Amino acid sequence: MVAVSSTLPVASTTATFTPAAPLAFDTTYEVEIGDGVRDLFGNEMGTPFTITFTTEAQPPVYIDNLSPSQGIGGALVVINGAGFGTAGDPATVTLGGVAAPVLEWASDRLLIAVPLELEPGPYDLVVTDPGSGTATALFTVLEADKVARGLEVATVDLPGLPRVVEVSPDGK
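Summary of the structure given here. (Residues numbered from 1 in each chain as written. Predicted model: local features only at pLDDT ≥ 70, side-chain atom pairs only at ≥ 80, totals over all residues. Heavy atoms only, no water.)

**Some words on the nonpolar core**
Then, in step 1: Counting 22 residues, the largest nonpolar core has I63, L66, I79, V93, L125, V127 and F139 as its most contacted members.
Then, in step 2: Sort the elements by how many residues they give to this core and strand 15 (residues 133-141) lands first, with four residues. (Core = buried A, V, L, I, M, F, W, Y, C linked by side-chain atoms within 4.5 Å. Buried < 20%, exposed > 50% of the residue type's maximum accessible area, 1.4 Å probe, protein only. Helix = DSSP H or I, 4+ residues; strand = E, 2+ residues; numbered from the N terminus.)

**Digging into the side chain of N80**
Then, in step 1: Note on placement: N80 falls in strand 7 (residues 76-82).
Then, in step 2: Within the structure, N80 has its side chain in polar contact with the side chain of N65 (distance 2.9 Å).
Then, in step 3: One polar contact links N80 to R109, side chain to side chain, over a distance of 2.9 Å.
Then, in step 4: Setting aside chain neighbours within four positions, we find N80 in contact with Y62, I63, D64, N65, D108 and R109. (Polar contact = N/O pair within 3.5 Å; in protein donor to acceptor, adjacent residues only side chain to side chain. Contact = heavy atoms within 4.5 Å.)

**What about the pairing of strand 14 (residues 121-129)?**
Then, in step 1: As paired elements, strand 10 (residues 92-95) and strand 14 share four bridges and run antiparallel to each other. Bridge pairing links T92 to T128 in strand 14.
Then, in step 2: In the sheet, strand 14 pairs with strand 15 via nine bridges, with the strands oriented antiparallel. Following the sheet pairing, L125 is matched in strand 15 by A137.
Then, in step 3: What sits between the antiparallel neighbours strand 14 and strand 15 is a turn of three residues. (Pairing = 2+ DSSP bridges.)

If you want it as structure tokens, here you go:
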């Protein structure tokens, strides 16, 4: 069972169901609509009914998420997903048509740097696996002078050698 939330604007005839977590690929789900559903006048819905649907098969290349999904030129971005090539033929990444250097590669995770030459605004981030296709996600480049300066703390799980960075107030 997957928890969902639902909204039905007062003047609308369309209900939108939003799962609490991403749905699995190539899986059949049932949505039961029943107890507790009322119309604008408070009348309960009649007989409950079930809607069945199946999610798409897993594409050969897909992006699960970007972390972060926005940042300034030079920012590091982790792309999580699958189908990012092989060690001998890794995927490439472009942001707004500009090549973004892949700093670290794994078949399900890429670390890139946002190209410095991009102007602020939304861009398509495209991961291309030479053998199986592309996947696209939206990334927003922010204005450098509009971003707060200071310490940003984040934890990112990357393949490869252990990495430890310690910062102390006195810089030692």
